[in-house]
Amino acid sequence: MLRRVALVVIAFIPVIIFGLVASPRARHDQPVPASPLESHVDAIVSAAMKEQSISGVSVAVARRGRTAVSKGYGLASVELDAPASAATVYRIGSITKQFTAAAIMRLVDSGKMTLDDPIEKFLPEFPVGDRRITIRHLLTHTSGIKSYTGLGPKFWDVSRLDYQHDQLLALFKDEPPDFQPGEKFLYNNSGYYLLGMIVEKVTGETYAAHMQKTMFGPLGLTSTLYCDIAPIIKHRASGYEVRGGQVVNASPLSMNAPFSAGALCSTVTDLVTWTDALMGGKVVSAASLDAMRTPATLNDGKPTTYGFGLGVVERDGQKVVSHGGGINGFTSFLSYVPESGNTVAVLTNSGGAKPGEIVNQVLKAVRSTGTEF
């Protein structure tokens, strides 16, 4: 995950039909009672906001496209006193990686590359020496390439500068490898940065333009985009951190830096739509989807807990496919349970928040309330 200070829940509110209302005015004056699930979510989020000093958070809970909860809490902008809602746009950090992985798999599906192609086929400028590093290694965090966000001051001292690809690559391309390709799993932002460059090389388009043309637009993800600083983005949240017990604005970060490893923005509702499309086979082929959510295997035959842009674990006896994100002033988590089709997305504008904990509690609440979607 991209981090400076510390670098996914879907819901459905049942339709309540009132009989014997006295008048239209009386109907409008009566608040719609929360469903049992929504009440659980409200309590979970309220406690988390207090314990973790979260400024604003949005949550969505859904099952195969049908939404049970979709709402915001707290403030999208503390300075403007603007409330968070289901439409609030947040930086999603490393949840970006599943979008990048899907872009790569679409190129695999179209025959423009294979998972076992060496990266120098597309990036001859990147020195690999006698190592054979493949597309698969980049997708699964098993390349051994040094992650640029792990370089300390060498990266963070220049992270607010608008570095171009050659400048960013210069930070890590000559660093000694952490291990030989396929030998270990080590979360790696450099690998996903390189994958974005490969998308650009193969398509002849910028990463942002390619994603908009092939995914965001066709899938109706109207609030998902490359999160550049300059453009006006409606409902964009501001990012915050807590220092010395006080909420402050997050440290600046050029959005050139996270690139295809973490530079996208989205809403909880868009992430539900995205998950439904991806897991429903509308984005990549069945074989590619299976590969994306199957844990990679190391050279010694041991499995990891990561596929292509997606973490895969067992929790409470169920397989859960998920990913978190963290980027200056924002944290995020998106989870999908294949057995039930439940999706939970949580986005916050607070750098020290733990949205994964909120997601796990909400998934338990969905089971405990027996919510029908």
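In this text, all values refer to a predicted model and were calculated from it rather than measured experimentally.

Next up on the list: the state of the cysteines. Under the criterion given, the structure shown has 1 disulfide. Here Cys227 is linked by a disulfide to Cys265, with a sulfur-sulfur distance of 1.7 Å. On the criterion of sequence distance, the pair formed by Cys227 in the loop between strand 5 (225-226) and strand 6 (240-243) and Cys265 in strand 8 (residues 264-266) is long-range, its members being 38 residues apart. Cys265 carries the same exposure label as Cys227, and that label is buried.

What follows concerns the pattern of salt bridges. Applying the stated criterion to the full structure yields 11 salt bridges. The partner of Asp116 in a salt bridge is Arg136, and the shortest N-O contact between them spans 3.3 Å. One end of the pair, Asp116, is in the loop between helix 3 (96-109) and helix 4 (135-139); the other, Arg136, is in helix 4, and 20 residues separate them in sequence. Accessibility expressed as a relative area gives 42% for Asp116, which makes it partly exposed. Its relative accessible area of 34% is what places Arg136 among the partly exposed residues. Salt-bridge contacts for Asp117 lead to Lys121; the nearest nitrogen and oxygen are separated by 3.5 Å.

With that settled, the discussion passes to a nonpolar patch on the surface. Residues Val78, Val242 and Val247 make up a contiguous nonpolar surface patch of about 200 Å² in total accessible area. According to the relative accessible area criterion, Val242 is partly exposed, its value standing at 40%.

Conventions and cut-offs
Residues numbered from 1 in each chain as written. Predicted model: local features only at pLDDT ≥ 70, side-chain atom pairs only at ≥ 80, totals over all residues. Heavy atoms only, no water. Disulfide = S-S within 2.5 Å. Helix = DSSP H or I, 4+ residues; strand = E, 2+ residues; numbered from the N terminus. Buried < 20%, exposed > 50% of the residue type's maximum accessible area, 1.4 Å probe, protein only. Salt bridge = Lys/Arg side-chain N within 4 Å of Asp/Glu carboxyl O. Patch = residues over 30% accessible without salt bridge, like charges linked within 9 Å, V, L, I, M, F, W, Y side chains within 5 Å. Areas by Shrake-Rupley, 256 points an atom, 1.4 Å probe, with all protein chains shown as cover.

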